[in-house]
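# Architecture and fold: a report
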Amino acid sequence: MRTDQPAPPGGGLRPDVHTGKVALVTGGGTGIGRATALDLAAGGARVVICGRRPEPLAEVADQIEALGGSCVTVSADIREEGSVTTVVGHALEAFGPVDVLVNNAGGQFTAPAEEISPGGRRAVHRLAVDATWAMTREVARRAMIPQRSGAVFFIAFSPRRGIPGFAHAASARAAVENLAAGLSLEWSRYGIRTVCVAPGTIATGGLDDHYTAEDRERWERSVPLGRLGRPEDVSGLISFLASPRAPTSPAPPLWSTAERTPGVPGTPCPTSPRRNPTSPRRTRPPRTTHDPLRH
Ligand SMILES: CCCCCCCCC/C=C/C(=O)SCCNC(=O)CCNC(=O)[C@H](O)C(C)(C)COP(=O)(O)OP(=O)(O)OC[C@H]1O[C@@H](n2cnc3c(N)ncnc32)[C@H](O)[C@@H]1OP(=O)(O)O
Ligand SMILES: NC(=O)C1=CN([C@@H]2O[C@H](COP(=O)(O)OP(=O)(O)OC[C@H]3O[C@@H](n4cnc5c(N)ncnc54)[C@H](OP(=O)(O)O)[C@@H]3O)[C@@H](O)[C@H]2O)C=CC1
């Protein structure tokens, strides 16, 4: 069964929480992007979504309009030269300055690192890093810096420090995470918040379509909650963080959903020896007067 089904939007927030706001969601036609577009619209934002395929975008626009909201779609490959300018131009023309940008579009394939060609690595980095940077800069320069406010979201991965089979993709997301941190330090002076969200494995159509059932099961086992996350887990968090209730901070918080067990992917956390009555209790070694690892 496909898991990428629409869920009741809103995330439990007030229906006017984003009233007056304009939001731009890349990859807003499916999965996490769709859920985010729906949640922001359910809070009163006018929403612009983009992606390469027009059909999923049109479906989301219909759903938003059925809820009484406003949505404009722009079909574009944001890796292509000039496309980011076009997307932002459509947004400004339709609704005026963008208040919330969600850099959600992204994707990759799994392969052993040594089999990832330079072209394969570029394909992934062009989307996750280059297009994200271009979109962020364009929105900041044309909307958020002039109006001295805004919230920009980036999507990274959990775990954050490398995933087997994802050398190209995980390193791209590390770059994005660092970008969010650096921009936060620079753009606080314009009232722009930049926030990186690092989802765990989320059950979306993208996951169903591009990864095997074995991958899925292995990833599922690695989530302490025992189930994959839902798109609404991520979109609800973004919607809350885009709201006036969000905590503000000079450096960006990193928010994580459906966090995975650290260590070997797919391997359950080892049982603590203390909790296992058959294991002998560990005794702490006596502290030496000088331990170079302690300050
Ligand atoms: C703890 C638990 C752990 C945790 C585990 C982590 C869990 C998962 C976390 C993330 C989940 C998700 O993101 S979920 C779903 C997100 N959506 C996706 O992943 C969508 C999948 N794909 C795409 O969007 C795109 O195909 C994308 C990958 C960006 C590439 O787009 P392009 O159209 O440019 O691709 P192509 O033109 O076909 O190919 C470009 C180059 O890439 C190479 N390439 C393409 N597919 C390839 C493949 N399978 N293997 C090798 N190389 C490949 C080609 O040979 C080309 O290289 P040259 O011939 O050398 O030029
Ligand atoms: N699902 C998961 O477990 C996790 C996902 N993520 C990340 O979250 C984001 C959303 O993931 P998810 O919803 O699962 O995946 P999906 O594949 O459903 O969504 C990706 C979206 O990006 C759009 N897109 C892809 N390439 C381009 C492009 N070149 N130009 C414009 N739009 C593009 C796609 O539309 P179209 O194909 O029509 O262009 C699609 O709507 C991705 O960045 C993903 O890597 C992060 C951690 C975990």
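This structure is a prediction, so every number in the text was calculated from the model and none was measured.

Quick look at the environment of Ser158 now. Looking at where Ser158 falls in the secondary structure, it is placed in the loop between β5 (150-155) and α5 (167-187). Along the chain, Ser158 and Ala58 lie 100 residues apart, while their C-alpha atoms are 30 Å from each other.

The UniProt record marks residues 21-234 with the feature "domain: Ketoreductase" (unreviewed entry), using the residue numbering of this structure. Annotation note: span residues 21-234, helix share 50%, strand share 16%, distance between end C-alpha atoms 20 Å.

Between two packed helices, both the angle of their axes relative to each other and the distance between the axes serve to describe the pair. The geometry of helix α1 (residues 31-42) relative to helix α2 (residues 54-66) is characterised by a closest axis approach of 10 Å and an angle of 20° between their N-to-C directions. Taken together, α1 and α2 sit at an angle that is classed as roughly parallel. Considering how the two elements wind past one another, α1 and α2 form a crossing that is right-handed. On α2, the residues that touch Arg34, Ala37, Leu38 and Ala41 of α1 are Val60, Gln63 and Ile64. Broken down by class, the residue content of the contact of α1 with α2 amounts to 5 nonpolar, 1 polar and 1 charged.

Moving on, we come to the environment of Phe109. Mapped onto the elements of the fold, Phe109 is located in the loop between β4 (100-103) and α4 (118-147). Setting aside chain neighbours within four positions, we find Phe109 in contact with Ile116, Gly120, Val124, Gly165, His168 and Tyr211.

Tallying each qualifying case throughout the model produces 10 salt bridges. For Arg122, the salt bridge goes to Asp130, with nearest N and O atoms at 2.6 Å. Residue Arg122 is classed as partly exposed on the basis of its relative accessible area, which comes to 36%. Its relative accessible area of 33% is what places Asp130 among the partly exposed residues. A salt bridge links Arg230 to Asp233; the nearest nitrogen and oxygen atoms lie 3.1 Å apart. The class of Asp233 is partly exposed, set by a relative accessible area of 23%.

Rules behind the numbers
- Residues numbered from 1 in each chain as written.
- Chains lettered and ligands numbered in written order.
- Predicted model: local features only at pLDDT ≥ 70, side-chain atom pairs only at ≥ 80, totals over all residues.
- Heavy atoms only, no water.
- Helix = DSSP H or I, 4+ residues; strand = E, 2+ residues; numbered from the N terminus.
- UniProt positions renumbered as here; feature names shortened; annotations may be inferred.
- Axes fitted to C-alpha atoms, helices over the stretch in contact; angles between N-to-C directions.
- Parallel < 35°, antiparallel > 145°, perpendicular 65-115°, else oblique.
- Left-handed = near helix turned anticlockwise from the far one by under 90°.
- Contact = heavy atoms within 4.5 Å.
- Nonpolar A, V, L, I, M, F, W, Y, C, P; charged D, E, K, R; others polar.
- Salt bridge = Lys/Arg side-chain N within 4 Å of Asp/Glu carboxyl O.
- Buried < 20%, exposed > 50% of the residue type's maximum accessible area, 1.4 Å probe, protein only.

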